[in-house]
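Listed below, chain by chain, are the residues.
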Amino acid sequence: MSVTASAGFRAAGATAGLKASGRPDVALVVNDGPLDAAAAVYTSNRCKAHPVLWSERASADGHVRAVVLNSGGANCFTGPQGFRTTHATAELVGELSGCGAADVVVCSTGLIGVQLPREELLAGVRTAHAALATTGGSAAATAIMTTDTVSKQAVAQGEGFTVGGMAKGAGMLAPGLATMLVVLTTDAVAEPAELDRALRAATRTTFDRVDSDGCMSTNDTVVLMASGASGARPAPGELDAAVHRVCADLARMLVADAEGAEHDIAVEVVGAAGEDDAVEVGRSVARSNLFKAAVFGKDPNWGRVMAAVGTTSAEFDPQAMDVSINGVPVCVGGAPGADPSTVDLTGREVRVRIDLHAGEHTATVWTNDLTHAYVHENSAYST
């Protein structure tokens, strides 16, 4: 049931006609309380869409009653008219939900630079509100899909409480955050500061380490709302763990649905002098088009891994590094190891392990291969 797995939440999906395909394109998630605590994180792209600019201010006080989302248009670089559309959407959701517009987070996804048809969008909001249900999580998750091939939903159970979530994203996956819209819910009793801590800890090691193509979105939003409907007040570690599980599951789904991908690639860096070094090395390999193209061609070319590591500022001795691909130690001590032809790249998942032998820190960055299908889809996205 996705976001409605947590008690105190209703959701719905509706069709407003924003997509040429005629598929559902408006989603609404409402927190019926008794609490309205919330936390959110947004894209670090300096070019932010109107919904992000609105929502950053709306969620700043740690209280959110509803999240409204549309696919079929990013509402980014759409001028004053685009901002008025975002404002009108928040006002309508607030009016229908019995709260102020400043308690509504607005999210949009789709093509940049195209005006959203305001009246159609507002009509879709009314339709979604009328359809709100405690079983509406799946419909909401479907309505936020763009190039996604499947909806993305996850649930984690804690001691007396639940965390649920939905996400969209299949391309432009790169921190800060990835190109995604994510709504997380919990029926736990929690303060905004607790939610903020749990959310930032989770996104730092999940969504922020998904790097499909090195392209950062203008619309990234991840919001966590608490209804308190379960009456359970989990210990901080329990809440953190449950939020992390849901974020990790959703992040993995994003990678698995990356546009045109045939391989999901985990770049695990160990033996780093610091966590920042480990992340930098992992991200450098994850963003190497040469390496990603090699994986698509089932070519275990570990030299491309070494070359990518060498572009970083991480502490390491090039002559001491080890690299293994799917468990085969193809490079040992900066020199050829096992025969690369023994590496099996026929499966969907590929695991690259890089040992820097410079310390005790580790990090894993997920990416995918670079395929003909990815180029084709993104060469004609706006047409």
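Shown above is the structure to which this text applies.
Conventions and cut-offs
- Residues numbered from 1 in each chain as written.
- Predicted model: local features only at pLDDT ≥ 70, side-chain atom pairs only at ≥ 80, totals over all residues.
- Heavy atoms only, no water.
- Core = buried A, V, L, I, M, F, W, Y, C linked by side-chain atoms within 4.5 Å.
- Buried < 20%, exposed > 50% of the residue type's maximum accessible area, 1.4 Å probe, protein only.
- Helix = DSSP H or I, 4+ residues; strand = E, 2+ residues; numbered from the N terminus.
- Pairing = 2+ DSSP bridges.
- Axes fitted to C-alpha atoms, helices over the stretch in contact; angles between N-to-C directions.
- Phe/Tyr/Trp six-rings, centres within 6.5 Å; stacked < 30°, edge-to-face > 60°.
- Lys NZ or Arg CZ within 6 Å of the ring centre and 35° of its normal.
- Contact = heavy atoms within 4.5 Å.
- Polar contact = N/O pair within 3.5 Å; in protein donor to acceptor, adjacent residues only side chain to side chain.
- Expected span 1.5 Å × (residues − 1).
- Arc of directions from axis to C-beta.

Undergrad: Explain the nonpolar core here, please?
TA: Side chains that are nonpolar tend, in soluble globular proteins, to be buried together. Formed by 34 residues in total, the largest nonpolar core has its most connected members in L184, F207 and V243. Secondary structure elements with two or more residues in this core: strand 3 (37-42), strand 6 (152-157), strand 7 (162-168), strand 8 (181-186), helix 5 (192-205), strand 9 (221-226) and helix 6 (236-256). If one sorts the elements of this core by residue count, helix 6 sits on top with nine residues. Counting residues in hydrophobic clusters, the runner-up holds 29 residues, among them A272, V281, V305 and V343.

Undergrad: So what exactly am I meant to see when it comes to the sheet that holds strand 6 here?
TA: On the basis of which strands lie adjacent, the open sheet formed by five strands has the order 3-9-8-7-6 and mixed pairing. Looking at which strands have only one partner, the edges of the open sheet turn out to be strand 3 and strand 6. Taken over all neighbouring pairs, the strand axes of this sheet differ in orientation by 10° on average, direction set aside.

Undergrad: Is there a simple way to think about the packing of aromatic side chains in this case?
TA: The geometry of two aromatic rings is summed up by the distance between their centres and the angle between their planes. By the definition in use, this model includes one aromatic pair. Ring geometry for W54 against F83: centres 6.4 Å apart, planes inclined by 55°, an arrangement best described as tilted. In this pair, W54 sits in helix 1 (residues 50-58) while F83 sits in helix 2 (residues 79-97), placing the two residues 29 residues apart along the sequence. Residue classification places W54 among the buried residues on the basis of a relative accessible area of 13%. According to the relative accessible area criterion, F83 is partly exposed, its value standing at 35%. Taking the ring centre of W366 as reference, the NZ or CZ of R252 above it sits at 4.1 Å.

Undergrad: Is there a simple way to think about the sheet that holds strand 1 (residues 9-14) in this case?
TA: Backbone hydrogen bonds hold the strands of a sheet together, and the pairing may be parallel or antiparallel. On the basis of which strands lie adjacent, the open sheet formed by four strands has the order 1-2-4-5 and mixed pairing. Sheet topology places strand 1 and strand 5 (104-108) at the edges, where each strand pairs with a single neighbour. Each adjacent strand pair in this sheet contributes to an overall mean axis angle of 10°, direction not counted. Direction of pairing for strand 4 (residues 66-70) relative to strand 5: parallel, over a ladder of five bridges. In the strand pairing of strand 5, N70 is matched with S108. Relative to the sheet, helix 2 contacts strand 2 (26-31), strand 4 and strand 5, its axis offset from that of strand 5 by approximately 135°. Sitting on the sheet, helix 3 (residues 118-130) touches strand 1, strand 2 and strand 4, and the angle it makes with strand 2 is about 50°.

Undergrad: Please clarify how the side chain of S108 should be interpreted in this entry.
TA: Tracing the sequence through the fold places S108 in strand 5. Within the structure, S108 has its side chain in polar contact with the side chain of N70 (distance 2.6 Å). Excluding residues within four positions of it along the chain, S108 makes contact with P51, N70, G73, A74, N75, L116, L181 and N219.

Undergrad: What's the story with helix 3 in this structure? I'm lost.
TA: Owing to its 3.6 residues per turn, the α-helix brings residues three or four apart onto one side. Between its first and last C-alpha, helix 3 extends 19 Å over 13 residues, near the 18 Å set by a 1.5 Å rise per residue. Residues of helix 3 that are buried include every one of L121, L122, G124, V125 and A128, and no others. Along the long axis of helix 3, the arc covered by the buried residues comes to 155°, so they all point the same way. Of the residues in helix 3, the exposed ones pointing more than 90 degrees away from the buried face are E119 and A130. Looking at the packing, one finds that the buried side of helix 3 touches strand 1, strand 2, strand 4 and helix 2.

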